[in-house]
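Listed below are the residues making up each chain.
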Amino acid sequence: MRVVSGSAGGRKLIAPDGFDVRPTTDKVKESVFNIIQFEIEGRRMLDLFAGSGQMGIEALSRGAEHVVFVDNSRKSLDAVRQNVSAVGFTDRATVISGDSLDYLRRCGQKFGIVFLDPPYHNGLIPRVFELLPDLLERGAVVICETKSDEALPDGFGGFTAAKTYKYSSIKITLYRNKNTAEVE
């Protein structure tokens, strides 16, 4: 697992041991960031269910202003902290320990990019969607990583599923504001 591109491109990252974390493959990560490449610079990102933090770190490497990493696993948070420190982004990262839904209820910040990769088939994404609309900047993009057979809502709070990409058993779904959705 590595940072694909940007100022920290090529740097290796660690993932926590065990089966609780499924790091996004480099191929999928590179594809996601190619899709949103012109939307990263200077934006704030939320990496919810952060795991190793690699998606947020990739965004920082490509010019994101700040990333908030949220996870409830101590092992994951230790990996995020080590990875953020190893690539020199501690001043542009906030690492939050706790339940993702609780964080959304109390955070009060706005984000331009949100990456969601919760445990598969647990029904968390629709619950996140209930809390997310007030936390999104105008023109925000929400990226969901799920199993390819997992059904997601067509939209939420003014956002619509703009495009879906499949990579073997993984599905990436991009949500955009209905008023600013672009055709990919």
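Residues numbered from 1 in each chain as written. Predicted model: local features only at pLDDT ≥ 70, side-chain atom pairs only at ≥ 80, totals over all residues. Heavy atoms only, no water.

Peer 1: Sorry, what's going on with the pattern of salt bridges here?
Peer 2: Two side chains carrying opposite charge are able to pair once their charged atoms lie near each other. Per the stated rule, a full pass over the model turns up six salt bridges. The closest approach of N and O atoms between Arg43 and Glu137, which form a salt bridge, is 3.8 Å. Taken together, the residues Arg43 in the loop between α1 (26-35) and β1 (44-48) and Glu137 in strand β5 (residues 136-147) connect sequence positions 94 residues apart. Looking at Arg43, the relative accessible area reads 14%, which means it is buried. On the basis of relative accessibility, which here comes to 26%, the residue Glu137 falls in the partly exposed class. Between Asp78 and Arg81 there is a salt bridge whose closest N-O contact spans 3.8 Å. With a gap of three residues between them, Asp78 and Arg81 both fall in helix α3 (residues 74-86), about one helical turn apart. (Salt bridge = Lys/Arg side-chain N within 4 Å of Asp/Glu carboxyl O. Helix = DSSP H or I, 4+ residues; strand = E, 2+ residues; numbered from the N terminus. Buried < 20%, exposed > 50% of the residue type's maximum accessible area, 1.4 Å probe, protein only.)

Peer 1: Can you walk me through the packing of aromatic side chains in this structure?
Peer 2: Each aromatic ring pair is described using two quantities: the centre-to-centre distance and the angle formed by the ring planes. Enumeration according to the criterion identifies four aromatic pairs in this entry. Aromatic pair Phe129 and Phe156: ring centres 3.9 Å apart, planes at 10°, arrangement stacked. Within this pair, whereas Phe129 is found in helix α5 (residues 124-131), its partner Phe156 is found in strand β6 (residues 155-156), the two being separated by 27 residues in sequence. For the pair Phe129 and Phe156, one class covers both residues: buried. Ring pairing ties together the aromatic residues Phe129, Phe156, Phe159 and Tyr175, which thus form one cluster. Here the basic side chain of Arg92 rests over the ring of Phe89, its NZ or CZ set 5.0 Å away from the ring centre. (Phe/Tyr/Trp six-rings, centres within 6.5 Å; stacked < 30°, edge-to-face > 60°. Lys NZ or Arg CZ within 6 Å of the ring centre and 35° of its normal.)

Peer 1: Help me out: how do you make sense of the pairing of strand β4 (residues 111-116) in this one?
Peer 2: A regular strand carries its side chains on alternate faces of the sheet. Across the six residues that make up β4, a large majority, six, are buried. Relative to β4, β1 runs parallel, the two sharing four bridges. When the bridges of β4 are listed, Met45 appears paired with Ile113. In terms of handedness, the path from β4 via α5 over to β5 forms a crossover that is right-handed. (Pairing = 2+ DSSP bridges. Right-handed = clockwise from strand over helix to strand, strands pointing away.)

Peer 1: Sorry, what's going on with the packing of α1 against helix α2 (residues 54-61) here?
Peer 2: A pair of packed helices is characterised by two quantities: the angle between their axes and the separation of those axes. In the contact formed by α1 and α2, the axes pass within 11 Å of each other and the chain directions differ by 45°. Considering their axes alone, α1 and α2 lie oblique with respect to each other. Regarding α1 and α2, the two cross each other, and that crossing is right-handed. Contacts from Asp26, Lys29, Val32 and Phe33 of α1 reach α2 at Gln54, Met55, Glu58 and Ala59. (Axes fitted to C-alpha atoms, helices over the stretch in contact; angles between N-to-C directions. Parallel < 35°, antiparallel > 145°, perpendicular 65-115°, else oblique. Left-handed = near helix turned anticlockwise from the far one by under 90°. Contact = heavy atoms within 4.5 Å.)

Peer 1: How should α1 be read in this particular structure?
Peer 2: In an α-helix, one turn spans 3.6 residues; hence positions three or four apart end up facing the same way. Turning to α1, its buried residues are Val28, Lys29, Ser31, Val32, Phe33 and Ile35. Packing partners of the buried residues in α1 comprise α2, β5, β7 (159-167) and β8 (170-177).

Peer 1: Explain the nonpolar core here, please?
Peer 2: It is characteristic of soluble globular proteins that their nonpolar side chains tend to be buried jointly. One finds Ile36, Ile57, Phe69, Ile143, Ile172 and Leu174 to be the most contacted residues of the largest nonpolar core, which totals 33 residues. Among the elements of the structure, α1, α2, β2 (66-71), α3, β4, β5, β7 and β8 are those that each provide at least two residues to this core. Membership of the second largest hydrophobic core comes to 27 residues, among which are Val70, Tyr103, Leu124 and Leu132. (Core = buried A, V, L, I, M, F, W, Y, C linked by side-chain atoms within 4.5 Å.)

Peer 1: Please clarify how the sheet that holds β6 should be interpreted in this entry.
Peer 2: Backbone hydrogen bonds are what pair the strands of a sheet, in a parallel or an antiparallel way. Spatial strand order, β3-β2-β1-β4-β5-β8-β7-β6: eight strands in an open sheet with mixed pairing. With partners counted over all chains shown, the strands left at the sheet margins are β3 (93-97) and β6, one partner each. Pairing geometry for β4 and β5, over five bridges, is parallel. Bridging from a neighbouring strand, Ile113 pairs with Val141 of β5.

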